[in-house]
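# Inside the fold
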Amino acid sequence: MPEVTYVATDGSERKVEVPQGRSVMHGAIQNGVRGIEAECGGVLSCATCHVYVDPEWVDRLDPPSEDEEDMLSNTAAERRPGSRLSCQIEVTDDLNGLRVQIPETQS
Ligand code: FES
């Protein structure tokens, strides 16, 4: 099963196995990873699942949709080059080892 690493603001890491086809947000919520709130449950209407994708991985993801781009304008923490909404990142075998950083705040 692909493994995703969530890096907290204090630098601590949580490695979580996420089933293929599920989202990076789902992996966090199912495993109690702090800092991803996902208030809308993954339907692209809250932006509280914001993460910073590790620079090494940014170009290996499908680019954000227009709707995700719009929602990325509403994140509580500053937007950075690796900003994505984790509910929109579907985990596949190719993403085994993906690293994402949790922002300081989601609200
Ligand atoms: S969970 Fe609401 S936009 Fe991702």
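In the block above lies the structure referred to throughout.
Residues numbered from 1 in each chain as written. Predicted model: local features only at pLDDT ≥ 70, side-chain atom pairs only at ≥ 80, totals over all residues. Heavy atoms only, no water.

Further remarks concern unusual backbone geometry. In the Ramachandran plot, Ala38 falls in the positive-phi region, its phi being about 55° despite a non-glycine side chain. Residue position: Ala38 is located in the loop between α1 (24-30) and β3 (50-53). On the accessibility criterion, Ala38 (12% relative accessible area) is buried. The residue Ala47 is not glycine, and still its phi comes out positive at about 65°. Turning to its location among the elements, Ala47 is positioned in the loop between α1 and β3. (Helix = DSSP H or I, 4+ residues; strand = E, 2+ residues; numbered from the N terminus. Buried < 20%, exposed > 50% of the residue type's maximum accessible area, 1.4 Å probe, protein only.)

We now examine the nonpolar core. Counting 27 residues, the largest nonpolar core has Tyr6, Val24, Ile36, Val53, Ile89 and Leu98 as its most contacted members. Going through the elements one at a time, β1 (3-7), α1, β3 and β5 (98-101) are the ones with two or more residues in this core. When residues of this core are assigned to their parent elements, the largest contribution, three residues, is made by α1. Beyond its immediate chain neighbours, meaning those up to four positions away, Tyr6 contacts Ser12, Glu13, Arg14, Val16, Val18, Val24, Gly27, Ala28, Val33, Ile36, Val100 and Ile102. (Core = buried A, V, L, I, M, F, W, Y, C linked by side-chain atoms within 4.5 Å. Contact = heavy atoms within 4.5 Å.)

As a further point, take the side chain of Ser83. As for its position among the elements, Ser83 is in strand β4 (residues 83-85). Here His50 takes part through its side chain, which lies 2.8 Å from a polar atom of the side chain of Ser83. Beyond its immediate stretch of four places on either side in the chain, Ser83 contacts His50, Val51, Tyr52, Leu72 and Glu78. (Polar contact = N/O pair within 3.5 Å; in protein donor to acceptor, adjacent residues only side chain to side chain.)

Time to look at the pairing of strand β2 (residues 13-17). Looking along a regular strand, one sees the side chains alternate between the two faces of the sheet. Bridge count between β1 and β2: five bridges; the pairing is antiparallel. Each bridged residue has a counterpart across the sheet, and for Glu3 the counterpart in β2 is Glu17. As consecutive antiparallel partners, β1 and β2 are separated by five residues, and within that stretch Gly11 has a phi angle of approximately 90°, a positive value. (Pairing = 2+ DSSP bridges.)

Computed from the structure, the largest pocket encloses a volume of approximately 240 Å³. Lining of the largest pocket is provided by 14 residues; of these, Leu61, Asp62, Ile89, Glu90 and Leu95 occupy positions nearest its centre. When grouped by side-chain class, the residues that make up the lining of the largest pocket number five nonpolar, three polar and six charged. As for the second largest pocket, its lining consists of Val7, Tyr52, Val53, Asp54, Pro55, Val58, Arg80, Pro81, Gly82, Arg99, Val100 and Gln101. For the lining of the second largest pocket, the elements supplying multiple residues, two or more each, are β3, α2 (55-58) and β5. Of all the elements, β5 adds the most residues to the lining of the second largest pocket, at three residues. Tallied by class, the residues present in the lining of the second largest pocket amount to seven nonpolar, two polar and three charged. (1 Å grid on protein atoms, 1.4 Å probe; cavity = no way out; pocket = protein on both sides within 12 Å on 5 of 7 lines; lining within 4 Å. Points joined across faces, edges and corners; volume = space filled by probe spheres on them. Nonpolar A, V, L, I, M, F, W, Y, C, P; charged D, E, K, R; others polar.)

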